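In case you want the letters, here they are:
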Amino acid sequence: MIREDESVKFRFSQASLEDIEELVAIENRVFTSPWSRKSFEAELQGNEFSLILVARCEPDTTAASEMSSLTSACGIIGYICVWIVFEELRFMNIAVEIDWRRRGIGSALVQHALDAGKKQGAQRALLEVRESNTSAQALYVKFGFSTYGTRLNYYTNPNENAMLMARDS
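Here we summarise the structure given alongside this text. (Residues numbered from 1 in each chain as written. Predicted model: local features only at pLDDT ≥ 70, side-chain atom pairs only at ≥ 80, totals over all residues. Heavy atoms only, no water.)

1. A few points about the overall build of the chain
Now for step 1: Secondary structure assignment for the chain yields four helices and eight strands.
Now for step 2: Listed by position from the N terminus, the elements making up the chain come as β-β-α-α-β-β-β-α-β-α-β-β.
Now for step 3: The burial tally for the chain puts 46% of its 169 residues in the buried class.
Now for step 4: Restricting to contacts in the chain with at least 6 residues of sequence separation, those with at least 24 account for 63%.
Now for step 5: Accessible area of the chain: about 9300 Å², with a carbon and sulfur share of 47%. (Helix = DSSP H or I, 4+ residues; strand = E, 2+ residues; numbered from the N terminus. Buried < 20%, exposed > 50% of the residue type's maximum accessible area, 1.4 Å probe, protein only. Contact = heavy atoms within 4.5 Å. Areas by Shrake-Rupley, 256 points an atom, 1.4 Å probe, with all protein chains shown as cover.)

Given below as structure tokens:
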């Protein structure tokens, strides 16, 4: 699927091993406790339930003179990792490059993940989110997730509780 935003087109596709360097780089820029290269390799190669979807930007060459500095650094600008295990869709990780936030990329990634889960028979989606990450919580609420519990001290660096959220199909 391609989505347009001003002079940039976004393409969403499944990640491959060739994407690991970009995924790790985003992870290191976005998170205080990032996944390692080995974690991504395990998700892409060793986990039959895992699906990593990426958002790539592609400059619109017809608007090249109007392109901002953001479009000069196109490539992977966000991703989502989910596990589809029988009737359950489990959100493992989602990241969007800081300069690309508030453009609908996170929403599109969540929607693609929900669609993929539904196609494979998932009837419920689950996730954890930092208690302080109110913008992510708002995104999930927009998709019908609601809070059903808390995991104390789930996150590190800094230590923080996780809000448990779920959504039924």
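2. Some remarks on the packing of aromatic side chains
Now for step 1: Following the criterion strictly, the structure yields eight aromatic pairs and no others.
Now for step 2: Both rings, one in phenylalanine 91 and one in tyrosine 140, keep their centres 6.3 Å apart while their planes meet at 75°; by these two values the pair is edge-to-face. Note that phenylalanine 91 is positioned in strand E5 (residues 88–96) and tyrosine 140 in helix H4 (residues 134–142), a separation of 49 residues in sequence.
Now for step 3: Overall, the relative accessible area of 5% leaves tyrosine 140 in the buried class.
Now for step 4: Aromatic pair tyrosine 140 and phenylalanine 145: ring centres 5.7 Å apart, planes at 65°, arrangement edge-to-face. (Phe/Tyr/Trp six-rings, centres within 6.5 Å; stacked < 30°, edge-to-face > 60°.)

3. Considering the side chain of arginine 130
Now for step 1: Turning to its location among the elements, arginine 130 is positioned in strand E6 (residues 124–130).
Now for step 2: A polar contact is formed between the side chain of arginine 130 and the backbone oxygen of proline 158, at a distance of 3.1 Å. (Polar contact = N/O pair within 3.5 Å; in protein donor to acceptor, adjacent residues only side chain to side chain.)

4. What about the pairing of E5?
The two faces of a sheet get side chains in turn, since along a regular strand they alternate between them.
Now for step 1: Within E5, seven of the nine residues are buried, which leaves it mostly tucked inside the rest of the structure.
Now for step 2: Where strand E4 (residues 76–85) meets E5, eight bridges bridge the pair, whose relative direction is antiparallel. By the bridge assignment, tryptophan 83 is partnered in E5 with arginine 90.
Now for step 3: Hairpin connection from E4 to E5: two residues lie between these consecutive antiparallel strands, with phenylalanine 86 at a positive phi of about 55°.
Now for step 4: Two strands pair when backbone bridges link them, and E5 and E6 are joined in this way by three bridges, in the parallel orientation. Paired with leucine 89 across the strands is alanine 125, a residue of E6.
Now for step 5: In terms of handedness, the path from E5 via helix H3 (residues 105–119) over to E6 forms a crossover that is right-handed. (Pairing = 2+ DSSP bridges. Right-handed = clockwise from strand over helix to strand, strands pointing away.)

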